[in-house]
Amino acid sequence: MVFKNYYKILDLETSHVSIDEIKVAYRQAAKKYHPDLNVGDKLAEERIKDINEAYKTLSVPASKRKYDRIWNSRFGKGEKAFSGKGEKPSIINVFLGNVEEGKEKQAVSKKTAVKGENIETEIHISIQEAFYGIEKTIALRTIEGKIKNLVVAIPQGICDGEKIRLIGQGKLGENGGKNGDLVIKIKIEDSKPFKIKGYDLYTDLLLTPWEAALGTKTSIKSLDEETNIYIPQGIQSGEKIKIPGKGYQDGKGTRGDLIAEIKVVVPKKLTKQERTMFEQLNEISNFNPRKETIL
């Protein structure tokens, strides 16, 4: 089995480091090789595994002491003293107080608390889910590579493009700083039978040729109820009927309109009686839309 140099993996020169210094080194290395920043990089994927393995061993004093006994026998002895000609400074030199290393360690110990970065993502929901409100479970991959599930409560009447903020669910803070937030942008998708534009909802209203010609009374469904409406005689495909106050409603009570576009549908299969009636109508009718003058 290959013995891995965990200190080198965490970019540490010596085993004489505190647990806090190991944590700082781990966060820096994990951030550098995080999957989100190295998409498709297989080498980075393997490196993050080694980084997590190194941290798991070195962050526990008992396992660190056990590991250090082997590390010192392999890497902690026999290094050349630092000569200023490009060679690495020896562990002894660093431990005893190399000037530059001393300054660097002081800088690490005096670092101020840094808040973690926010994470932004997007959730797609239907018009119905947005109108009534819903709970959604989302999965996030942590910096350690684990999957974390979060339940997001989407309030009733949320609008397209609004954002929900989960405090402290973003990236980890450094040096005692607070964690960042998870910011979720809501995207409302068109969902049958409705399309949404602002607060207005659009839908199709299917009519038979005789309903369109004669006019009729029918009902149309909004998101929360059915409404009776009158169709005037002679209505054409493509014309629109507005039903006020039956559109989308936000959490503050603002509600748009429901707009129904007329679609005249011809039956594909006719009964004998229907065929006879259409043939008679064809013979007696003077209406020919191809001859109508388009203004």
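For the structure itself, consult the block above.
What you are looking at is a predicted structure, and each value in this text was computed from that prediction instead of being measured. (Residues numbered from 1 in each chain as written. Predicted model: local features only at pLDDT ≥ 70, side-chain atom pairs only at ≥ 80, totals over all residues. Heavy atoms only, no water.)

*Asks:* Is there a simple way to think about the overall build of the protein in this case?
*Replies:* Counting secondary structure elements, the protein contains 9 helices and 11 strands. Taken over 295 residues, the protein has a buried fraction of 30%. Expressed as a percentage of contacts within the protein between residues at least 6 apart in sequence, the contacts between residues at least 24 apart total 57%. Taken as a whole, the protein presents about 20,200 Å² of accessible surface, with 52% of it coming from carbon and sulfur. (Helix = DSSP H or I, 4+ residues; strand = E, 2+ residues; numbered from the N terminus. Buried < 20%, exposed > 50% of the residue type's maximum accessible area, 1.4 Å probe, protein only. Contact = heavy atoms within 4.5 Å. Areas by Shrake-Rupley, 256 points an atom, 1.4 Å probe, with all protein chains shown as cover.)

*Asks:* Sorry, what's going on with the packing of helix α2 (residues 19–32) against helix α3 (residues 42–58) here?
*Replies:* Think of two packed helices as two axes; the pair is described by the angle between the axes and how far apart they sit. Their axes nearest at 10 Å, the elements α2 and α3 cross at an angle of 170°. Classified by the angle between their axes, α2 and α3 sit roughly antiparallel to one another. Residues I19, I22, K23, Y26, A29 and A30 of α2 form the contact with α3, whose participating residues are I48, I51, N52, Y55 and L58. Partitioning the contact of α2 with α3 into residue classes produces 9 nonpolar, 1 polar and 1 charged. (Axes fitted to C-alpha atoms, helices over the stretch in contact; angles between N-to-C directions. Parallel < 35°, antiparallel > 145°, perpendicular 65-115°, else oblique. Nonpolar A, V, L, I, M, F, W, Y, C, P; charged D, E, K, R; others polar.)

*Asks:* Help me understand the sheet that holds strand β10 (residues 240–243) in this model?
*Replies:* Strand pairing in a sheet is mediated by backbone hydrogen bonds. Such pairs are either parallel or antiparallel. Reading across the sheet, the 4 strands line up as β6-β7-β11-β10 and stay open at both edges, with mixed pairing between neighbours. The sheet is open, and its two borders are formed by β6 (195–197) and β10, each paired with just one other strand. Each adjacent strand pair in this sheet contributes to an overall mean axis angle of 30°, direction not counted. Two elements, β10 and strand β11 (residues 258–264), share 4 bridges in a ladder whose sense is antiparallel. (Pairing = 2+ DSSP bridges.)

*Asks:* Before we go on, may I ask you to explain a nonpolar patch on the surface in this structure?
*Replies:* A cluster of nonpolar side chains, contributed by W210, L214, L270, F278, L281 and I284, occupies part of the molecular surface with about 600 Å² of accessible area. Tallying contributions element by element places helix α9 (residues 272–284) first for the nonpolar patch, with 3 residues. If you trace the backbone, W210 turns up in helix α8 (residues 209–214). (Patch = residues over 30% accessible without salt bridge, like charges linked within 9 Å, V, L, I, M, F, W, Y side chains within 5 Å. Salt bridge = Lys/Arg side-chain N within 4 Å of Asp/Glu carboxyl O.)

*Asks:* Mind showing me how you'd approach the nonpolar core here?
*Replies:* Buried together is how nonpolar side chains tend to be arranged in soluble globular proteins. I186 and Y248 are the most contacted members of the largest nonpolar core, which totals 33 residues. The element contributing the most residues to this core is strand β5 (residues 182–189), with 4 residues. Counting 20 residues, the second largest nonpolar core, distinct from the first, contains Y7, I22, Y26 and A54. (Core = buried A, V, L, I, M, F, W, Y, C linked by side-chain atoms within 4.5 Å.)

*Asks:* Is there a simple way to think about the environment of V60 in this case?
*Replies:* Locating V60 in the fold gives a position in the loop between α3 and α4 (61–74). Overall, V60 belongs to the partly exposed group, its relative accessible area being 40%. Once the C-alpha coordinates of V60 and I19 are considered, the two residues, 41 residues apart in sequence, prove to be 7.9 Å apart.

*Asks:* Would you take a moment to explain the side chain of N5 for this structure?
*Replies:* On the secondary structure map, N5 appears in the segment before α1 (6–9). For N5, a relative accessible area of 16% puts it in the buried group. Polar side-chain contacts of N5 include one of 3.2 Å to the backbone nitrogen of K8. (Polar contact = N/O pair within 3.5 Å; in protein donor to acceptor, adjacent residues only side chain to side chain.)

*Asks:* Just to check I follow, could you spell out the pattern of salt bridges for this structure?
*Replies:* If charged atoms from side chains of opposite charge come close, those side chains can pair. Scanning the model with the defined rule gives 13 salt bridges in all. A salt bridge links E117 to K31, with the nearest nitrogen and oxygen atoms 3.3 Å apart. Here E117, found in the loop between α6 (99–109) and β1 (119–126), pairs with K31, found in helix α2; they are 86 residues apart in sequence, far enough to count as distant. In this structure E117 comes out as partly exposed when scored by relative accessible area, which is 40%. For E225, the salt bridge is made with K246, and the minimal N-O distance between the two is 2.0 Å. On the criterion of sequence distance, the pair formed by E225 in the loop between β8 (216–221) and β9 (226–231) and K246 in the loop between β10 and β11 is long-range, its members being 21 residues apart. Residue E225 is classed as partly exposed on the basis of its relative accessible area, which comes to 34%. Look at the salt bridges and you will find they share partners, linking K4, D50 and E53 into a network.

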